[in-house]
Amino acid sequence: MRRVLPMVTVAVLLPALAACDAPPATTPPPGPPATAGTPTALAVPPLRLPEVGPGGACPTSAPQPWPRADQASRVLGPGPVHPVADYFGDGTVLRLRDHDRQADGTYRTKVRWVASGYTGPVLVRAARIDGPGSAAAEFSYLGDPRDGGHYAVLTQPDSDLPGTTMVGGPGCYAYQVDGTTFSVTVVFRAEPEAP
């Protein structure tokens, strides 16, 4: 029987980019303390996201099948921690719905995350890569320690993490997913839902 722990939300917000052709921010928010020799140590790497010039094509990550149908049918990115593609319209487009629009004009929508063969700390950050705008990845997680809420500690190699993604509006966005043994980028588009 799987034990259900309370959900705790972590948010990592990135500042808006200054101009359409400006590179993404390279100074990450303060991360969790990296204590050498502990399984929860995670040195926070700088953001290394692709850049998309004005009018350029968004280099979206291709969805791939997921072996556990009880968790998802498809995921995005090389892993080992993936956003579930089922929440993206065609697998790469995050649909912006009227009911997801917040008072400040941003959109907040559900996006779950799943892991495959990884235990330990994971940090997920998000940014718009084709112009100015804000983005954030938030997820609830299992495990301790919480270390100020900057990342999750996955205690099961097949973790299933409920969460949300916030975007400022239509555009091209990327997640950077970092763990102790990997750093990967997942790119997606955000577009208004067709009426």
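Residues numbered from 1 in each chain as written. Predicted model: local features only at pLDDT ≥ 70, side-chain atom pairs only at ≥ 80, totals over all residues. Heavy atoms only, no water.

**Thoughts on the state of the cysteines**
Here's step 1: If you walk through the whole model with that rule in mind, you get one disulfide.
Here's step 2: Between cysteine 58 and cysteine 172 runs a disulfide, and the two sulfur atoms are separated by 2.0 Å. Torsion about the S-S bond of the cysteine 58 and cysteine 172 cystine: about 75°, corresponding to right-handed handedness. Residue cysteine 58 is found in the loop between β1 (9–13) and β2 (63–65), and its partner cysteine 172 is found in strand β13 (residues 171–179); the two are separated by 114 residues along the sequence.
Here's step 3: A relative accessible area of 2% means that cysteine 172 is categorised as buried. (Disulfide = S-S within 2.5 Å. Helix = DSSP H or I, 4+ residues; strand = E, 2+ residues; numbered from the N terminus. Buried < 20%, exposed > 50% of the residue type's maximum accessible area, 1.4 Å probe, protein only.)

**Points about the packing of aromatic side chains**
Here's step 1: Under the defined criterion, the tally for this structure stands at five aromatic pairs.
Here's step 2: Seen in terms of ring centroids, tryptophan 113 and tyrosine 175 are 4.8 Å apart; in terms of plane orientation they differ by 75°. Their pairing is edge-to-face. Of this pair, tryptophan 113 sits in strand β7 (residues 113–115) while tyrosine 175 sits in strand β13, and the two are 62 residues apart along the sequence. The exposure classification of tryptophan 113 matches that of tyrosine 175, with both residues buried.
Here's step 3: The interplanar angle of 35° and the centroid separation of 4.9 Å between the aromatic rings of tyrosine 175 and phenylalanine 188 together place this pair among those described as tilted. Pair noted here: tyrosine 175 is in strand β13 and phenylalanine 188 is in strand β14 (residues 183–192), with a separation of 13 residues, a long-range link. Phenylalanine 188 matches tyrosine 175 in its accessibility class, with the two residues each being buried. (Phe/Tyr/Trp six-rings, centres within 6.5 Å; stacked < 30°, edge-to-face > 60°.)

**A short note on the sheet that holds strand β5 (residues 93–96)**
Here's step 1: With respect to topology, five strands assemble into an open sheet ordered β5-β14-β13-β8-β10, the strand pairing being mixed. Taken across any chain shown, the strands that pair with only one partner, and hence form the sheet edges, are β5 and β10 (152–154). Neighbour-to-neighbour, the strand axes of this sheet turn through a mean angle of 30°, independent of strand direction.
Here's step 2: Where β5 lies against β14, four bridges are found, and the strand directions are parallel. Its bridge partner being in β14, leucine 94 is matched across the sheet by alanine 190. (Pairing = 2+ DSSP bridges. Axes fitted to C-alpha atoms, helices over the stretch in contact; angles between N-to-C directions.)

**A short note on the sheet that holds strand β11 (residues 160–161)**
Here's step 1: Strand order across the open sheet formed by three strands is β4-β7-β11, with antiparallel pairing between neighbours. Pairing within the sheet leaves two strands with one partner each, and these edge strands are β4 (81–83) and β11.
Here's step 2: Pairing analysis gives three bridges linking β4 to β7, with the strands arranged antiparallel. Directly across from histidine 82, in β7, lies its bridge partner valine 114.

**Quick look at the pattern of salt bridges**
Here's step 1: Within the structure shown, the criterion is met by eight salt bridges.
Here's step 2: Of the charged contacts, one joins arginine 95 and glutamate 191 as a salt bridge, the two residues approaching to 3.3 Å between their closest N and O atoms. Of this pair, arginine 95 sits in strand β5 while glutamate 191 sits in strand β14, and the two are 96 residues apart along the sequence.
Here's step 3: Glutamate 191 gets classed as partly exposed once you look at its relative accessible area, which sits at 27%.
Here's step 4: Salt-bridge contacts for aspartate 178 lead to arginine 125; the nearest nitrogen and oxygen are separated by 2.9 Å. Separated by 53 residues along the polypeptide, aspartate 178 in strand β13 and arginine 125 in strand β8 (residues 120–128) bring together distant segments of the chain. The residues aspartate 178 and arginine 125 share a single accessibility class, namely buried.
Here's step 5: One connected set of salt bridges, linked through shared partners, spans Arg68, Asp70 and Asp158. (Salt bridge = Lys/Arg side-chain N within 4 Å of Asp/Glu carboxyl O.)

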